[in-house]
Amino acid sequence: MFGIGATELVVILVIALLVFGPNKLPELARSLGRGFGEFRRASYELRQSLMDAAEPEPPPRTQSARASDTKPTPEPTPKAPETPTPQDGA
């Protein structure tokens, strides 16, 4: 995290405690957390919009391409001619 070790982090927290006091420190930490959260959301949205803009546009479809996209309806199969059946008593 930013190349800060545990010792440096403790020193920074002690200095912040001395400067802001124990009553103000939780409020400061909360507002910093909210700020980092908003920054993360904004950077994610910017990254998404840049990726969307970088995607190539599909080529425009022509009239012949539109016609080939539609599936042809299958033609009905022709029925075999019916053969006459012998009649009773014929």
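If you're wondering where the values come from, they're calculated on a predicted model, not measured in any experiment.

1. Let's talk about the overall build of the chain
Right, on to step 1. From N to C terminus, the chain includes three helices and zero strands.
Right, on to step 2. Summed over its atoms, the accessible surface of the chain is roughly 9,100 Å², and 63% of this surface lies on carbon and sulfur atoms.

2. Examining helix 1 (residues 6-20)
Right, on to step 1. For helix 1, with 15 residues, the first-to-last C-alpha span of 21 Å sits near the 21 Å given by 1.5 Å per residue.
Right, on to step 2. At the exit of helix 1 stands G21, carrying a positive phi of roughly 90 degrees.

3. Some words on a nonpolar patch on the surface
Right, on to step 1. A cluster of nonpolar side chains, contributed by I4, L9, I12 and L13, occupies part of the molecular surface with about 340 Å² of accessible area.
Right, on to step 2. For I12, the position within the fold is in helix 1.

4. A closer look at the confidence of the model for the chain
In regions of low pLDDT, the predicted coordinates are not meant to be interpreted in detail.
Right, on to step 1. Residues with a pLDDT of 70 or more make up 73% of the chain, whose mean pLDDT is 80.
Right, on to step 2. Of all helices and strands in the chain, the one with the weakest mean pLDDT is helix 3 (residues 63-69) (59), whereas helix 2 (residues 25-54) scores best (92).

Definitions and limits used
Residues numbered from 1 in each chain as written. Predicted model: local features only at pLDDT ≥ 70, side-chain atom pairs only at ≥ 80, totals over all residues. Heavy atoms only, no water. Helix = DSSP H or I, 4+ residues; strand = E, 2+ residues; numbered from the N terminus. Areas by Shrake-Rupley, 256 points an atom, 1.4 Å probe, with all protein chains shown as cover. Expected span 1.5 Å × (residues − 1). Patch = residues over 30% accessible without salt bridge, like charges linked within 9 Å, V, L, I, M, F, W, Y side chains within 5 Å. Salt bridge = Lys/Arg side-chain N within 4 Å of Asp/Glu carboxyl O. pLDDT = per-residue confidence, 0-100.

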